[in-house]
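Listed below are the residues making up each chain.
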Amino acid sequence: MPLVGLTVVEPRLAWPLAAVRGVFAILFGILALIWPGTTVLALAILYGIYAIFDGIGGIMQAFRPGDAAHRAAYGVLGAFGIIAGVLVLIWPGITVLVLALLVGFWAIFTGIVEIVAAIRLRKQIEGEAFLIAAGALSLIAGIVIVFNPIAGAYGIALLVGIYALLYGVMLLVLAFRLRKLTQA
């Protein structure tokens, strides 16, 4: 299979890779739907590991030649990244709750802004009822998440699971279509 970097040059030869990616996405989606709590905790732990490595990269960048202000900023951001990563790994459950609360408050704010915008623009636009409905949906979802952040975290995991399932199915369909090209 000729490769340039990680890009497949001949699409007809890519069907096995697309099929394997599709199967793994479907398996991940199923596991995320079966164990949403574990999925969210695993994502928090992965974020913690990422934040530590990103922080190390920032600190390394701080010691490279260049503008002192940029180097200082990289050093501070790197230190914060390492601290955040360590805290996430120590308390992944709290991280999940904080994330869910942030999503909840964001949804509440977004909902209020959309409802206000629809009311203020009702003379200038048509179909403002849809914007009001979208705002109300966002507002209700945000309130539910803020009052029950665990449900919000589970909802995030379920959305990730559904996305992974759909993505996996699309990749499998692509793989079978590419396979047909090789047989033609």
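Computed from a predicted model, the values in this text were never measured in an experiment.

1. With respect to the packing of helix 2 (residues 36-62) against helix 3 (residues 68-90)
Point 1. Running from N to C, helix 2 and helix 3 point in directions that differ by 155 degrees, and their axes come no closer than 7 Å. Here helix 2 lies roughly antiparallel to helix 3, going by the angle between them. Crossing geometry of helix 2 relative to helix 3 is assigned as left-handed.
Point 2. Residues that form the contact of helix 2 with helix 3 fall into these classes: 15 nonpolar, eight polar and one charged.

2. Description of the packing of aromatic side chains
Point 1. Per the stated rule, a full pass over the model turns up two aromatic pairs.
Point 2. Centre to centre, the rings of Y47 and Y50 are 6.2 Å apart; their planes meet at 45 degrees, and the pair counts as tilted. Taken together, the positions of Y47 and Y50, both in helix 2 and three residues apart, correspond to about one turn of that helix.
Point 3. A centroid spacing of 5.7 Å and a plane angle of 25 degrees characterise the contact between Y163 and Y167, whose relative ring orientation is stacked. A residue pair is termed a helical-turn pair when its members lie 3 or 4 positions apart in one helix, as Y163 and Y167 do in helix 6 (residues 149-183) at four residues.
Point 4. Looking at Y163, the relative accessible area reads 54%, which means it is exposed.

3. A short note on helix 1 (residues 15-34)
Point 1. For helix 1, which comprises 20 residues, the first-to-last C-alpha distance of 28 Å matches the rise-based estimate of 28 Å (1.5 Å per residue) to within 8%.
Point 2. Among the residues making up helix 1, those that are buried are A18, A19, G22, A25, I26, G29 and A32. Summarising the axial view, the buried residues of helix 1 lie within an arc of 155 degrees, below the 170-degree limit, and thus occupy one face. Among the exposed residues of helix 1, those oriented more than 90 degrees off its buried face are F24 and I34.
Point 3. Against the buried residues of helix 1 lie helix 2 and helix 6.

4. Topic: the domain arrangement of the chain
Point 1. Assigned domains within the chain: domain 1 (47-90) and domain 2 (93-176).
Point 2. For domain 1 versus domain 2, the separation of C-alpha centres amounts to 31 Å.

5. Section: the nonpolar core
Point 1. Counting residues in hydrophobic clusters, the biggest one holds eight residues: V40, A44, V88, V96, A100, I145, A153 and A157.
Point 2. For this core, the secondary structure elements donating two or more residues are helix 2, helix 4 (92-121) and helix 6.
Point 3. Residues A18, A19, I26 and A175 belong to the second largest nonpolar core, which totals five residues.

6. Structural notes on a nonpolar patch on the surface
Point 1. A contiguous nonpolar patch, built from V76, F80, I83, V86, L87, I90, W91, I94, V98 and L102 and spanning about 960 Å² of accessible area, is present on the exposed surface.
Point 2. Mapped onto the nonpolar patch, the elements with two or more residues apiece are helix 3 and helix 4.
Point 3. With six residues, helix 3 is the single largest residue contributor to the nonpolar patch.
Point 4. For L87, the position within the fold is in helix 3.

7. Quick word on the packing of helix 2 against helix 4
Point 1. Where helix 2 contacts helix 4, the two axes come as close as 9 Å, and the packing angle between them is 100 degrees. One element, helix 2, and the other, helix 4, form an angle in the roughly perpendicular class. On helix 4, the residues that touch V40, L41, A44 and I45 of helix 2 are P92, G93, T95 and V96.

Parameters and conventions
- Residues numbered from 1 in each chain as written.
- Predicted model: local features only at pLDDT ≥ 70, side-chain atom pairs only at ≥ 80, totals over all residues.
- Heavy atoms only, no water.
- Axes fitted to C-alpha atoms, helices over the stretch in contact; angles between N-to-C directions.
- Helix = DSSP H or I, 4+ residues; strand = E, 2+ residues; numbered from the N terminus.
- Parallel < 35°, antiparallel > 145°, perpendicular 65-115°, else oblique.
- Left-handed = near helix turned anticlockwise from the far one by under 90°.
- Nonpolar A, V, L, I, M, F, W, Y, C, P; charged D, E, K, R; others polar.
- Phe/Tyr/Trp six-rings, centres within 6.5 Å; stacked < 30°, edge-to-face > 60°.
- Buried < 20%, exposed > 50% of the residue type's maximum accessible area, 1.4 Å probe, protein only.
- Expected span 1.5 Å × (residues − 1).
- Arc of directions from axis to C-beta.
- Contact = heavy atoms within 4.5 Å.
- Domains from an automatic or database assignment.
- Core = buried A, V, L, I, M, F, W, Y, C linked by side-chain atoms within 4.5 Å.
- Patch = residues over 30% accessible without salt bridge, like charges linked within 9 Å, V, L, I, M, F, W, Y side chains within 5 Å.
- Areas by Shrake-Rupley, 256 points an atom, 1.4 Å probe, with all protein chains shown as cover.
- Salt bridge = Lys/Arg side-chain N within 4 Å of Asp/Glu carboxyl O.

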